[in-house]
Amino acid sequence: MTNHIDKTDVIIVGSGAAGSLMAAKLSEAGKKVTILEAGPERRLEDLTSSQIHARRLKWGGDPVEENGKQPIGNVFNSGYGTGGSALHHYAVWPRLHGEDFKVKSLYNRAFDWPIDYDDIRPYYDRIQQEVGISGDHTAEIWRPEGDAYPLPPVPAFQQSEVIARGFAKLGKQTSPLPLAVNSRDYQGRPACLWDGWCDAGCPTRALASPLAHYLPKAIKQDVNIIHNAAAARILTDKSGKKAIGVKYHDKDGAEIILMADMVVLAAYAIQNPRLLLNSADGGLANRSGLVGAYIMSHAAALVYGLFDQETAPYMGATGGQMLNQDSYDHKDQRTQGFGSFQWMIAQAVKPNDLLGYGGSNPGLYGAKLTEFMARAAHHFGTMTACVEDLPLPENRVSLSSNKDRFGIPLAHAHHTSHADSYALWRGAKQEGIEIFKAAGATEFWNGPLGPMHIMGGTIMGDTAENSVTNSYGQCHDIDNLFIAGPGLFPTSGGVNPTFTVHALTLRSSEYILNNWSGVIS
Amino acid sequence: MAFLLGDGVINLTPAEAKTRKIPFRSLDQKQVSTLDFLSDAIVPGAKSAGLSHFIDHQLSAPHEDNLLILRYLRINPPFKDFYTSALKAFEISVRLKYNKPPLDLSEAEISEFISIMRQKKPIGWPEFIEEPKQEVPPAPFFYFVLRSDAIDVTYGTVNSFDNMDIPYMAHIEPAHPWESPS
Ligand SMILES: Cc1cc2nc3c(=O)[nH]c(=O)nc-3n(C[C@H](O)[C@H](O)[C@H](O)COP(=O)(O)OP(=O)(O)OC[C@H]3O[C@@H](n4cnc5c(N)ncnc54)[C@H](O)[C@@H]3O)c2cc1C
Ligand code: SF4
């Protein structure tokens, strides 16, 4: 049986980074907003400081089938429940660079974005003021034009000081890492305590997760968040050119239809295309045939080492303490491969879990492992390169022949890195080892390629032939259907995506409000 | 974690559950002994930290709340067959190589076996086991998963941070090291 419930102005599917910001902005302008969130309700007081508990925040919805040589790592890379992935994201918030928007015109590869840096710069500036980013824009010599950060930089603890010496010896620069984490009290949120529990979700609100920042604003405006509400289908009128609502299933499996003037998909880069593909024969908003295409994931180049000095690896934020972007601009001037990468230096590390030092050297067991763990607890150092992933049409989300309990096809995600992106990752790994050697590491080694962040799948562009949406995330085929999140990125750049997700979403929200009657008519 | 004891439910750490001999829900005694033996050889201390109780408890947890590292690793739930089939494969392979059951292996023998299983398929490690037919995970993958589980219980707890002389600095301390309210 299908239950119909009220009509609302806007339905937002997903309560993560994009959904919560969109909900706050639209509701503050007087729109009646309902968020459908597939996962359970999470509260700040649920965020137990434990790497074992942290796993509960991971994707727990319908399984995603994955293949390809470098599978997308959906469970590790996605969250589920209030705040989505962003609830336990590490808040490393650098900006994309000018080149990232012009990869096609500069290098005749991949795509240009339909906007350039100057279009998005004011939104970066406004978001950083609104949310709070700690950093030092002068030390960040690579950063494109923009306002100074509103908060002083994050402190450097022993681990980053030790590793920074290696960069300096090789003539490379380091700066404080830009983090959406409060270095002092800001916007009613407290300063960080630098205890490294961000991966388990920050319950103090020092880190700008949706639960800390935009969801409380949305809730203040009476935004209704329905949890355990997995959207199954976007409904359209007979013409197929207007979205009229969303069908979802509640926890007990009941089918419910909610009507709205506008629908915003903010269910992240795998579930947004799944929803579109399941909503019409051949996929909704899919004139381009590109719904699902060009999914990307930054390749993480992991570098580990042991140092004679005390590194206090337990101090700091999970995202790290310092940044280097010497290998960012001039994408065609890398030692191997093509693209941009940045180093995030000195992550706070715990003993266990995939990113813990226990997992860094899986060949060790028995007495040697015991010895290693004791030493690593005080002398471990690590850094991670975030390596650009060039978009490929065959890297895509499609519908599987296997179905969930409601008969909805599961998402199937294929991902194999572009050969030039893979080469870029190899080069980054090698550079990392040279830096650790120069820093005086007594032992140094690399981890395997780890997929990090998910982008693409519903890319933006100028026309319905080459993209799914315009630069505002508005579907070319359906005016009142919007997409928000990193799924819109036509290229990945070599920086973490969520600051850009915020800037784009703010821009879209203003476009929606300024054009409301035209958009919904 | 909530363990069933008689008619009631009590919250215990896996180590406490082990000391109090809380009955297992998913694994039988032989599987528990084999799991303890192998995991303790990979991560010394895992057995007394209560690894078997941790895994056993998590095997019956709902997927959404599951705390096993396996959920990251592209294996879909339920996870029980993953462990039980690999333990069976371990026994088959050990018997073939050493002509004795796993628990009779010397320290040198189990260490030698682990050095093989972490890198490649040991002789006799089946792809499937029969009755009921189950797919067996590759030995290096099983090693990786079991090692990670064992590191979780041996090093990922408030007590183990104390033992390593590193501060835990919890915002919200787990009521028990990895207690789950479920
Ligand atoms: C461990 C980790 C660390 C990270 N660190 C960083 C970092 O340091 N810097 C950075 O820039 N980025 C980081 N990221 C990436 C960042 O979290 C994402 O870029 C960002 O959250 C994407 O925002 P989103 O709103 O599109 O998706 P999400 O924040 O994932 O929100 C999507 C929501 O949609 C819900 N949903 C899915 N399907 C449905 C459906 N059918 N119906 C209803 N709801 C649905 C999900 O449950 C989820 O709550 C990290 C991610 C992870 C997992
Ligand atoms: S280190 Fe800072 S941002 Fe991370 S969880 Fe602790 S207080 Fe929050």
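To start, this report covers the structure provided alongside it. (Residues numbered from 1 in each chain as written. Chains lettered and ligands numbered in written order. Predicted model: local features only at pLDDT ≥ 70, side-chain atom pairs only at ≥ 80, totals over all residues. Heavy atoms only, no water.)

**Brief notes about the overall build of chain B**
The condition is simple: In this text, helices come from DSSP runs of H or I with a minimum length of four residues, and strands from runs of E with a minimum of two, each type numbered from the N-terminal end. The rule is simple: take the accessible area with a 1.4 Å probe, protein chains only, and divide by the maximum for that residue type; under 20% is buried, over 50% is exposed, in between is partly exposed. The contact criterion used is simple: two residues touch if any of their non-hydrogen atoms lie within 4.5 Å. Only the protein chains shown count as cover for residues, and the accessible areas themselves come from Shrake-Rupley with a 1.4 Å probe.
Each helix and strand in chain B was counted, giving 7 helices and 4 strands. Across the 182 residues that make up chain B, the buried fraction comes to 52%. Restricting the contact set of chain B to residue pairs at least 6 apart, pairs at least 24 apart contribute 56%. Just so you have it, chain B exposes about 8,100 Å², and 50% of that area is on carbon and sulfur atoms.

**As for the site of ligand 1**
Residues and elements named next belong to chain A. Using the following cut-off: We call a residue near a given molecule or strand whenever any one of its heavy atoms falls within 4 Å of it. Any pair of N or O atoms that falls within 3.5 Å is considered a polar contact. Within protein, one atom must be able to donate a hydrogen and the other to accept it, and sequence-neighbouring residues count only if both atoms are side-chain atoms. In this classification, the charged set is Asp, Glu, Lys and Arg, the nonpolar set is Ala, Val, Leu, Ile, Met, Phe, Trp, Tyr, Cys and Pro, and all remaining amino acids, among them Gly, are polar.
Ligand 1 sits among 40 residues. The nearest are Ala18, Glu37, Ser85, Ala231 and Thr498. The separation between an oxygen atom of ligand 1 and a polar main-chain atom of Ala91 is 3.1 Å. For ligand 1, whose unbound accessible area comes to 990 Å², protein coverage reaches 98%. Elements that contribute at least two residues to the shell around ligand 1 include exactly helix H1 (17-28), helix H2 (74-77), strand S6 (230-236) and helix H7 (268-278). Here the residues of the shell around ligand 1 sort into 20 nonpolar, 17 polar and 3 charged.

**Details of the pattern of salt bridges**
What counts is decided by this rule: Think of a salt bridge as a Lys or Arg side-chain nitrogen and an Asp or Glu carboxyl oxygen that are within 4 Å of each other.
Here the structure, examined in full by the defined rule, presents 26 salt bridges over all chains. We note a salt bridge from A:Arg43 to A:Glu45, for which the minimum N-O separation is 3.9 Å. For A:Arg43, a relative accessible area of 40% puts it in the partly exposed group. B:Asp65 is the salt-bridge partner of A:Arg56, the closest N and O atoms lying 3.8 Å from each other. Here the residue A:Arg56 occupies a position in the loop between strand S2 (33-36) and strand S3 (65-67), and B:Asp65 occupies one in the loop between helix H3 (51-59) and helix H4 (80-98), the pair thus bridging two chains.

**Re the site of ligand 2**
Around ligand 2, the structure places 13 residues, and the nearest of them are A:Cys192, A:Asp195, A:Cys198, A:Cys202 and B:His171. Proximal residues around ligand 2 fall on chains A and B, making this an inter-chain site. Here the shell around ligand 2 is composed, by residue class, of 8 nonpolar, 4 polar and 1 charged.

**What about the nonpolar core?**
The following threshold applies: Buried residues of nine kinds, namely Ala, Val, Leu, Ile, Met, Phe, Trp, Tyr and Cys, make up a nonpolar core once their side-chain atoms join them within 4.5 Å.
Core analysis: the largest hydrophobic core is formed by 180 residues, its most contacted members being A:Leu481 and B:Phe142. Counting residues per element, this core draws most heavily on helix H6 (residues 139-155) of chain B, which supplies 9 residues. Among all residues touching A:Leu481, those that are not within four sequence positions of it are A:Ile234, A:Ala243, A:Val263, A:Leu265, A:Leu276, A:Leu284, A:Gly473, A:Gln474 and A:Cys475. One finds A:Val162, A:Val303, A:Ala346 and A:Phe436 within the second-largest nonpolar core, a separate group that totals 25 residues.

**Some thoughts on the sheet that holds S3(A)**
All names here are of chain A. Rules: Two strands qualify as a pair provided that DSSP identifies no fewer than 2 bridges between them. As a rule, the C-alpha atoms of each element are fitted with a line to give its axis, helices using only the stretch in contact, and angles between N-to-C directions run from 0 to 180 degrees.
As summarised here, the arrangement of the 3 strands in space is S3-S14-S13, forming an open sheet in which the pairing is mixed. Only two strands of the sheet have a single neighbouring strand rather than two, namely S3 and strand S13 (397-403). Across this sheet, the average inter-strand angle for adjacent strands is 30°, counted without regard to direction. The pairing of S3 with strand S14 (residues 409-414) spans 3 bridges and is parallel. Within the sheet, the bridge partner assigned to Asn67 lies in S14 and is His414. Along the sheet, H7 contacts S13 and S14; its crossing angle with S13, the most-contacted strand, is approximately 70°.

**Structural notes on H1(A)**
Residue and element names in this part refer to chain A. We count it as follows: Helix span, expected: 1.5 Å multiplied by one less than the number of residues in the helix.
For H1, which comprises 12 residues, the first-to-last C-alpha distance of 17 Å matches the rise-based estimate of 16 Å (1.5 Å per residue) to within 8%. Among the 12 residues of H1, 11 are classified as buried, and the element is accordingly described as predominantly covered. Residues Ala17, Ala18, Gly19, Ser20, Leu21, Met22, Ala23, Ala24, Lys25, Leu26 and Ser27 constitute the buried set of H1. Where H1 is buried, its residues contact strand S1 (2-13), S2, helix H4 (117-131), helix H6 (214-220), strand S8 (255-265) and helix H11 (498-514). Just downstream of H1, Gly30 is the residue with a positive phi angle, here 100°.

**Some details on unusual backbone geometry**
Cis geometry marks the peptide bond from B:Pro77 to B:Pro78, where omega comes out at 0°. With respect to the helices, strands and loops of the structure, B:Pro78 is situated in the loop between H3 and H4. Unusually for a residue other than glycine, A:Tyr294 sits at a positive phi of about 65°. By the secondary structure assignment, A:Tyr294 is in the loop between H7 and strand S9 (296-306). Although it is not a glycine, A:His453 sits at a positive phi angle of roughly 70°. In this structure, A:His453 sits in strand S16 (residues 450-455).

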